[in-house]
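One-letter residues, chain by chain:
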Amino acid sequence: MSARTSLGRTIAAHAILLTYTMIALFPVFVIVINSFKSRKAIFADPLALPMPDNFDLVGYQTVLKQGDFFLYFQNSLIVTVASLFFVLLFGAMAAFALSEYRFKGNTLMGLYLALGIMIPIRLGTVAILEIMVATGLVNTLTALILVYTAQGLPLAVFILAEFMKSVSHDLKNAGRIDGLSEYRIFFTLVLPLVRPAMATVAVFTMIPIWNDLWFPLILAPAEHTKTVTLGAQVFIGQFVTNWNAVLAALSLAIVPVLVLYLIFSRQLIRGITAGAVK
Amino acid sequence: MGALELRGVTKSFGSTEVIKGVDLSVKDGEFCVFVGPSGCGKSTLLRMIAGLEDATGGDILVDGKRMNDVAPAKRELAMVFQSYALYPHLTVRDNMGLALKQAGVAKSEIKVATDRAAAMLGLEPLMGRRPAELSGGQRQRVAIGRAIVRTPKLFLFDEPLSNLDAALRVATRIEIAKLHRELKATMVYVTHDQVEAMTLADRIVVLRAGRVEQVGSPMELYNDPANTFVAGFIGSPQMNFLDAASLGLPAGKVGIRPEHLTISRDQGEIPAEVSHVEKLGGETLVYARNPQHGLLTVRLFGEHDFEVSEKVHLTLQRERMFQFDPDGQRRR
């Protein structure tokens, strides 16, 4: 009896998850299959798989010939990786301070830092643009990195602080008695133990940055600072849209972020802290 | 080279005072055990000695030098934690040698020191392993080894045996006692287990709610407790407390240890009914209930047969009983 209900539950759970996966992956699937088809075939039957008779790489050829796509990729990668680095570094440091030290206004400071989760940074776009103009950072990657770091920090601090509270106090105290500096304790004892949380934060932070169109369009629309998402927009015209090129550009844009995700998800899964305490 | 002195030490977290003025002096080479129920402040006191918590008031002195503002690493002490707290990314050898490495000791000297500690604890075959590859008992031995390597003035133990199983606990307890004899170092040991306290300590400090209740050698505490709390805490099974007035004594409580009650089927001063019997082979514990005094424990040596709900009579060995006033203080 109980075996049957648990089997039923398993089936139901899998059905729900599979349905969700299909819904989530369907747009990606349509983009990827259509990027390999000729323009006529895309419109004739958008859901058809690429077959020898409708197979066409014209989209990819256009994208690669358009010259600067390599630069766009490079810009996107620089912005994403740099922002990610700063979010993780500063987020983890703030989280350590909040979770480890007792000081006046600790809770208030934690709430203040987490407030950004609830307030979208885009509300401040005009002010941000004014600041960037005043500091001469318009059309630089630095502007984007700064904005994305600010955007990612609240969630990073919030999640990492919770995880750092669970790191054994004895371990940190043992380090203190052995003469390790607070920085060494942070970098060599605490950070490795919260690696799964760091990977989670990295994934949550990375994807919105890579996909963002808003800030590149406003803060860095110049040719030499365009990101991939912004670069793909050149194929979308007011009257004519080169769908082959748009789909090919988007398909290509998936690859790097997928690679980054795979790197982080391995960290997520790996059991690493066994044996530290108890 | 390792005398510890506490003078009027207090600690508050916000408005709650957890250590309410502790005065204590531990002689060089002494094994001092802090014992008390959970929440009595014994671990906090130990962490204050280690420098991991700041004292709110009072002085902490090691060898006559005030240590309140000295960083933990500079206090020349070593600490063994309940959860072992080994560095997961380092091998056993590196775990043990880290403190010396931080202090800038030469590599060859570190090797000599770690090898010596490993030999004392039988850790030689494990030196290349990481903590994850060790059992609980081995981990705690490594943690103890890490403390030995530093040749500290003061060893601090924070409930080091609590995470071990019963057999291992006894073995490690003996090992710690042996270590104390060999090193002749000052040790401060925190536990809630009165058996550990009795077996290891030169001197026991009984703490309750942030205050020292009594300080003394194990036998002093056993034979001469200052109040009902100490009397009840030291000794296992717990001391029996009887109503003094009904025994024709001044009002208050009378304490008598289970081994100092005699039991008889025919005659005695306190009639009681057996409610439970525990046979341990070497000794037999009889729990008997009397309407006036409640449940009383009698400890008998050897095997004895008593049936549940059998009528018995208990007699106090008058010369071994303790009298306490209504506030729980010893009547002297």
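Residues numbered from 1 in each chain as written. Chains lettered and ligands numbered in written order. Predicted model: local features only at pLDDT ≥ 70, side-chain atom pairs only at ≥ 80, totals over all residues.

Colleague: Teacher, can you tell me more about the overall build of chain B here?
Modeller: Along its length, chain B carries eight helices and 18 strands. Taken along its principal axes, the extent of the C-alpha atoms in chain B is 75 × 45 × 35 Å. The buried share of chain B, taken over its 332 residues, is 39%. (Helix = DSSP H or I, 4+ residues; strand = E, 2+ residues; numbered from the N terminus. Buried ≥ 20, exposed ≤ 12 C-beta atoms within 10 Å, placed from the backbone.)

Colleague: Can you help me understand the domain arrangement of chain A in this one?
Modeller: Residue and element names in this part refer to chain A. Parsing chain A into structural domains produces domain 1 (1-56) and domain 2 (63-269). Taking only C-alpha atoms, the centre of domain 1 and the centre of domain 2 are 30 Å apart. On the domain 2 side, the residues contacting the seven residues of domain 1 number seven residues. Of all elements in the fold, only α1 (2-35) and α2 (39-44) reach the threshold of two or more residues within the side of domain 1 that touches domain 2. Here the residues of the side of domain 1 that touches domain 2 are counted per class, giving four nonpolar, two polar and one charged. (Domains from an automatic or database assignment. Contact = placed C-beta atoms within 7 Å. Nonpolar A, V, L, I, M, F, W, Y, C, P; charged D, E, K, R; others polar.)

Colleague: Mind showing me how you'd approach the domain arrangement of chain B here?
Modeller: Buried accessible area, meaning the area lost when the parts come together, often serves as the stated size of an interface. The domain boundaries assigned to chain B delineate domain 1 (4-230) and domain 2 (237-245 + 254-324). Domain 1 of chain B and domain 2 of chain B are separated by 38 Å when their C-alpha centres are compared.

Colleague: What should I look at first to understand the packing of helix α8 (residues 169-177) of chain A against helix α9 (residues 182-193) of chain A in this one?
Modeller: Packed helices, taken two at a time, are described by their axes: the angle between them and the distance between them. Residue and element names in this part refer to chain A. Packing of α8 against α9 leaves a shortest axis separation of 10 Å and a crossing angle of 140 degrees. Taken together, the axis directions place α8 and α9 in an arrangement best described as oblique. Crossing hand, α8 versus α9: right-handed. Residues Leu171, Lys172, Gly175 and Arg176 of α8 pack against Ile185, Leu189 and Val190 of α9. Taken together, the residues of the contact of α8 with α9 sort by class into four nonpolar, one polar and two charged. (Axes fitted to C-alpha atoms, helices over the stretch in contact; angles between N-to-C directions. Parallel < 35°, antiparallel > 145°, perpendicular 65-115°, else oblique. Left-handed = near helix turned anticlockwise from the far one by under 90°.)

Colleague: Any chance you could explain the interface of chain B and chain A here in plain terms?
Modeller: With 22 residues of chain B at the contact, the number on the chain A side is 19 residues. Of all elements in the fold, only β6 (77-80) and α2 (92-102) of chain B reach the threshold of two or more residues within the side of chain B that touches chain A. Its residues placed into classes, the side of chain B that touches chain A shows 16 nonpolar, five polar and one charged.

Colleague: Looking at this structure, I do not really get the sheet that holds strand β18 (residues 322-324) of chain B. What am I missing?
Modeller: Picture the strands of a sheet paired through backbone hydrogen bonds; they go either parallel or antiparallel. Residue and element names in this part refer to chain B. Read from one edge of the open sheet, three strands run β11-β12-β18, paired in antiparallel fashion. Two strands in the sheet have a free side with no partner beyond their single neighbour: β11 (240-243) and β18. Each strand of the sheet is rotated relative to its neighbour by a mean of 30 degrees, with strand direction disregarded. (Pairing = 2+ DSSP bridges.)

Colleague: Looking at this model, I keep getting lost on unusual backbone geometry. Mind explaining?
Modeller: Residues and elements named next belong to chain B. For the bond from serine 236 to proline 237, the omega torsion is 0 degrees, close enough to zero to count as cis. Considering the arrangement of structural elements, one finds proline 237 in the loop between α8 (228-233) and β11. Positive phi values are uncommon outside glycine, yet alanine 85 reaches one of about 55 degrees. With a phi close to 40 degrees, glutamate 159 is a non-glycine residue in the positive phi region. Relative to the assigned elements, glutamate 159 resides in the loop between β7 (154-158) and α5 (166-183).

Colleague: Would you explain the environment of Leu262(A) in this entry?
Modeller: Take Leu262(A): it is sitting in helix α13 (residues 243-269). As a C-alpha pair, Leu262(A) and Val203(A) span 59 residues in sequence and 9.7 Å in three-dimensional space.

Colleague: So what exactly am I meant to see when it comes to the nonpolar core here?
Modeller: Among soluble globular proteins, nonpolar side chains are generally buried collectively. Grouped together as the largest cluster of nonpolar side chains are 135 residues, with contacts concentrated most on Leu144(A), Leu160(A), Val194(A), Val33(B), Leu156(B) and Val188(B). Take this core: its biggest share by element is 16 residues, from helix α7 (residues 141-165) of chain A. Of all hydrophobic cores here, the second largest spans 13 residues; its members include Val228(A), Phe235(A), Ala245(A) and Ala249(A). (Core = buried A, V, L, I, M, F, W, Y, C linked by C-beta atoms within 7 Å.)

Colleague: Whenever I open this one, the environment of Ile256(B) confuses me. Can you help?
Modeller: Residue and element names in this part refer to chain B. With respect to the helices and strands, the residue isoleucine 256 is situated in strand β12 (residues 253-256). Overall, the presence of 23 C-beta atoms within 10 Å leaves isoleucine 256 in the buried class. Setting aside residues no more than four positions away along its own chain, isoleucine 256 makes contact with Met239, Asn240, Leu242, Leu261, Leu316, Arg320 and Met321.

Colleague: So what exactly am I meant to see when it comes to the sheet that holds strand β14 (residues 270-279) of chain B here?
Modeller: Residues and elements named next belong to chain B. Strand order in the open sheet made by the five strands is β13-β17-β14-β15-β16, with antiparallel pairing throughout. Each end of this open sheet is capped by a strand with a single partner; those strands are β13 (261-264) and β16 (294-301). Ignoring which end each strand starts from, the neighbouring axes of this sheet average 45 degrees apart. Direction of pairing for β14 relative to strand β17 (residues 311-316): antiparallel, over a ladder of four bridges. Looking at β17, one finds that isoleucine 270 is bridged to leucine 314.

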